[in-house]
Protein chains: 2
Amino acid sequence: MHLSRREFTRLSALGLAAQLAPQLRAQSSDRKIGYAIIGLGRIADHFMRGIQDTSNSKVVALVSGHPDKAARIAAQYGVPTSNIYNYENMDRLRDNHEIDAVYVALPNSMHAEYTIRSAKAGKHVLCEKPMCVSVPEAHAMIDACKAANVKLMIAYRCHYETTNLAAVKLIRDGALGQVQQIQSAFGFDCGPKEWRLQKPLAGGGPLMDVGIYSLNATRYLTGEEPASISAYTYSNPKDPRFATVEENIAWITKFPSGITASCNTTYGAQMEGYFRVYGSKGWLEVNPAFVYDGLRLTAEYRDDNGKFIKLDQPNLEKDPIHFTKEADHFSKCILENKTPQSPGEEGLRDMTYIREIYKSAGIIMA
Amino acid sequence: MHLSRREFTRLSALGLAAQLAPQLRAQSSDRKIGYAIIGLGRIADHFMRGIQDTSNSKVVALVSGHPDKAARIAAQYGVPTSNIYNYENMDRLRDNHEIDAVYVALPNSMHAEYTIRSAKAGKHVLCEKPMCVSVPEAHAMIDACKAANVKLMIAYRCHYETTNLAAVKLIRDGALGQVQQIQSAFGFDCGPKEWRLQKPLAGGGPLMDVGIYSLNATRYLTGEEPASISAYTYSNPKDPRFATVEENIAWITKFPSGITASCNTTYGAQMEGYFRVYGSKGWLEVNPAFVYDGLRLTAEYRDDNGKFIKLDQPNLEKDPIHFTKEADHFSKCILENKTPQSPGEEGLRDMTYIREIYKSAGIIMA
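Just so it is clear, the structure is predicted and the values come from calculations on it, not from any experiment. (Residues numbered from 1 in each chain as written. Chains lettered and ligands numbered in written order. Predicted model: local features only at pLDDT ≥ 70, side-chain atom pairs only at ≥ 80, totals over all residues.)

Explanation requested: the interface of chain A and chain B in the structure shown.
Frequently, the measure chosen for interface size is the accessible area that the parts lose on association. Each partner contributes to the interface: chain A provides 29 residues, whereas chain B provides 29 residues. For the side of chain A that touches chain B, the elements supplying multiple residues, two or more each, are β7 (179-189), β8 (228-234), β9 (248-254), β10 (260-266), β11 (268-279) and β12 (282-286) of chain A. Take the side of chain A that touches chain B: its biggest share by element is six residues, from β11(A). (Contact = placed C-beta atoms within 7 Å. Helix = DSSP H or I, 4+ residues; strand = E, 2+ residues; numbered from the N terminus.)

Looking at this structure, how should I read the sheet that holds strand β3 (residues 84-85) of chain B?
Strand pairing within a sheet occurs via backbone hydrogen bonds; the two strands may be parallel or antiparallel. Residue and element names in this part refer to chain B. Reading across the sheet, the six strands line up as β3-β2-β1-β4-β5-β6 and stay open at both edges, with parallel pairing between neighbours. Among the strands making up the open sheet, the edge pair consists of β3 and β6 (152-154). Judged from the four bridges that link them, strand β1 (residues 33-38) and strand β4 (residues 101-104) form a sheet pairing that is parallel. Bridged to Ile38 within β4 is Val104. Packing against the sheet, helix α4 (residues 67-77) makes contact with β2 (57-63) and β3, and its axis sits at approximately 165° to β2. (Pairing = 2+ DSSP bridges. Axes fitted to C-alpha atoms, helices over the stretch in contact; angles between N-to-C directions.)

What am I meant to see in the relation of the copies chain A and chain B here?
The operation linking the two copies of the chain is a rotation about an axis combined with a translation along the axis. Under the fitted operation, chain A is carried onto chain B by 0.0 Å of movement along the axis and a turn of 180°, and the coordinates agree to an RMSD of 0.0 Å. The relationship between the two copies is best expressed as a two-fold rotation axis. Minimal C-alpha distance to the rotation axis in chain A is attained by Ser262(A), lying at 3.0 Å. Counting the interface residues of chain A, we find that 100% of their copies in chain B are interface residues as well, pointing to one common contact surface. (Least-squares fit on C-alpha atoms with pLDDT ≥ 70 in both.)

Hey, could you run me through unusual backbone geometry in this one?
Most of the time, phi is negative for any residue but glycine, and the peptide bond is trans. A cis amide bond links Lys129(B) to the next residue, Pro130(B), at an omega of -5°. Residue Pro320(B) is reached from Asp319(B) by a cis peptide bond, and omega for that bond is 15°. Relative to the assigned elements, Pro320(B) resides in the loop between β14 (308-314) and α10 (321-335). The phi dihedral of Asn149(A) is positive, around 60°, even though this residue is not glycine.

Written as structure tokens, this is what we have:
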């Protein structure tokens, strides 16, 4: 059975995609989703390297405000110069049928605008986290993608990464018994020239940038949504880095089942990203948990027969493996017309909780 | 120069003790402070073993409600049977001049009564933590010891223990730069028959018992007093262990300098006691931090010359070393008429913050 992309989309709308999916997957294995990369910073480089290891995705276009840099990277990844766009003319992506999707890797405050413009150009959108810098923006992004009938995925790498998934599986399988408490942190000592320190670009400080990993982890580890949140913030008033964004945030979350989580984030100290989960039968830790490779899971618990289990599982996969898996997932969702595991609604939830954390700490966010 | 104990006390009151101290220390090195042990549970055993390694302390009496157990332990430690007391006749400690001090190792709710009775019997008091189970009790204990002109020390082992002190010194010496955030936890899976689970004996749950280590650590690590505290609690309603005391508490503290601390405690999971301190120049961790031996300090920071320093310092001292140091300190304070490093006021402060944590979590404590 052979189906054109149009036929596939029509069948999907009729709810038939799921049962046809196996054949389609075989059929579509030749086809690669073409991505336009919007923003050519460090993370875009990881993504472009990662995409090269997929069987279903390729970089076909670049959008950048720096023509020289764009030309250099285009040459590196075999992107024709005709497929280099800038922020003024990027709405013309619409006319380029090589491009199925975009990867939005701009500073946070630009995510909403470029997601919405891409959707209006008829392209699926994979947007970096944080999804945007306000709750209303998150709603607008979701609405724009729905209106344009394109998919929206937020690039939560850890949802697709082996070690984080292994931790979630251990918990769901009951290895730790009833989960009681979670601790997590992620932060770093931010250089003074980073765009991250400018609120108009970043929207907020370490909470939006790296704290979001801990926030999101407490949600996927528990499988629950926060019932209440309490937070403190502090910024050294003598440190010019923190004139517009916060330096530190500490927060605690209570989940409906009673699980509590304590989290920290900072731009003022080196704080290796990790989480530790305590349950009635034992504990597990992933440390580091959020960087691009070198993750390690350790755990101690008693199994159902009372046998003591001790795990130490270093993950030997190398960067850009997280990006490969992420791109592979989104491209599959496009090819098979499925909803991504981390859709816009997932990003919206985090934006809502980020707003709550800020509010509790006395910082106002829209 | 020779001074009687009375002369020493008089000179101390005149502020001369400090300059005479070296001679006095030499002079008093023969004399051992005699302790009556009140309550013969597990921790009393550690203390009695610890005291044997001091040069200035000895066990001379026991107070117990179990005559058989008391007789057995008296034989073990060479305590004459005439020096075995019970809870009814212990006020007669007053008449026994072999006894200088008591060590109160009873369930928490009995600390206040037995401290006050011991003070009234003219004995110095080393009382286990938590100091008591309410703020008014803590005040009454301090007042009773002042009125009786006896010393009161709360048995904060970690104030006298090598690895915790090394961590504090690194921070005070500026190795970590400006401290930003602290994480700490301590908890365990409590057996169903423990007195700790009965509020009339324990006064509260894990916060009073083991959470107090994290609370106290955040104070000695920062050298500051909490400015504000926020907390959540949860107890599994189906677990009969938690009918009267809480199962879990998570709290965050903000200190005046801006440092934030996140802490967890539980009776529902194995939670190794530790703390981790993040500063602008690096971090340190003590893990485990609060058990009787096997402590380990690790740290990474840049020194003033920008050199990267990596520490890994396992503490090879063995239990009951903490108790030896604690008893040694209190006996020195008695011999030299000095105020203990962890006096009743230190215990009172923790009781005040424990009340704040409980209040924030919706639990009422006096």
